[in-house]
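# Observations on chain architecture
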Amino acid sequence: MSSLTVPSPRVCQDCDGFPVVAITTGTRLRNGSRATLRVTCNACHGTGTTPARRPVRLSVSAGVSC
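Just so you know, these numbers come straight off a predicted model, no measurement behind them.

## Here's the deal with the overall build of the protein
Helix and strand counts for the protein stand at zero helices and four strands. Each helix and strand of the protein, placed in order from N terminus to C terminus, yields the pattern β-β-β-β. Put simply, the protein has 66 residues, and 14% of those count as buried. Put simply, 49% of the contacts in the protein that link residues at least 6 apart link residues at least 24 apart.

## Some points on the environment of Asp16
Note on placement: Asp16 falls in the loop between β1 (10-11) and β2 (20-28). Along the chain, Asp16 and Cys41 lie 25 residues apart, while their C-alpha atoms are 10.0 Å from each other.

## With respect to unusual backbone geometry
With phi around 55°, Asp16 is a residue other than glycine that occupies positive phi space. Even without being a glycine, His45 presents a positive backbone phi close to 60°. Its place among the elements puts His45 in the loop between β3 (34-40) and β4 (49-50). On the basis of relative accessible area, His45 is assigned to the exposed category, the value being 68%.

## Some thoughts on the confidence of the model for the protein
When pLDDT is averaged along the protein, the result is 81; 73% of the residues meet or exceed 70. Between the elements of the protein, mean pLDDT differs from a low of 86, seen in β4, to a high of 91, seen in β3.

## Concerning the state of the cysteines
According to the stated counting rule, one finds zero disulfides in the structure shown. Of all cysteine sulfurs in the structure, the one in Cys15 sits closest to Cys12, which takes part in no disulfide; the separation is 3.8 Å.

## Some words on a nonpolar patch on the surface
A grouping of Val21, Ile23, Leu37 and Val39 is seen on the molecular surface, where their side chains present a nonpolar patch of about 320 Å² in accessible area. The residue Val21 is located in strand β2 in this model.

Reading the values: rules and limits
Here the residue numbering is sequential within each chain, running from 1 through the sequence in written order. Local features in this predicted model are restricted to residues of pLDDT 70 or higher, and side-chain atom pairs are both shown and tallied only at a pLDDT of 80 or more, whereas totals for entire chains, interfaces and linings draw on every residue. The side-chain values count all of the structure's non-hydrogen atoms but skip hydrogen atoms and water molecules. Numbering of helices and strands runs from the N terminus; a helix is a DSSP stretch of H or I covering at least four residues, while a strand is a stretch of E covering at least two. Burial classes follow relative accessibility: with a 1.4 Å probe on protein chains only, a residue under 20% of its type's maximum area counts as buried, one over 50% as exposed, and anything between as partly exposed. Residue contacts are counted whenever heavy atoms from the two residues lie within 4.5 Å of one another. pLDDT gives the predictor's per-residue confidence on a scale running from 0 to 100. The term disulfide is used for any two cysteine sulfur atoms that are within 2.5 Å. A patch is a set of surface residues, each over 30% in relative accessible area and not in a salt bridge, joined within 9 Å for like charges and within 5 Å for the nonpolar side chains Val, Leu, Ile, Met, Phe, Trp and Tyr. For the area figures, the Shrake-Rupley method with a 1.4 Å probe applies, and any residue is considered shielded solely by the protein chains shown. Just to be clear on terms, a salt bridge is a Lys or Arg side-chain nitrogen sitting within 4 Å of an Asp or Glu carboxyl oxygen.

Next comes the structure, spelled out in structure tokens:
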């Protein structure tokens, strides 16, 4: 009996696990606070992780060289 393990998610390589960035602009709002832009990572859609790759199993017939 074989057991299947679910691969754990990996840290996103595009954002290094920091999916949301807040950038404060030089513009001030009417109440005196600065305007802040929030940008999310497009690669991981703001989660900080990407799905782990599953191992691929290949079956090679006898006598075939790879």
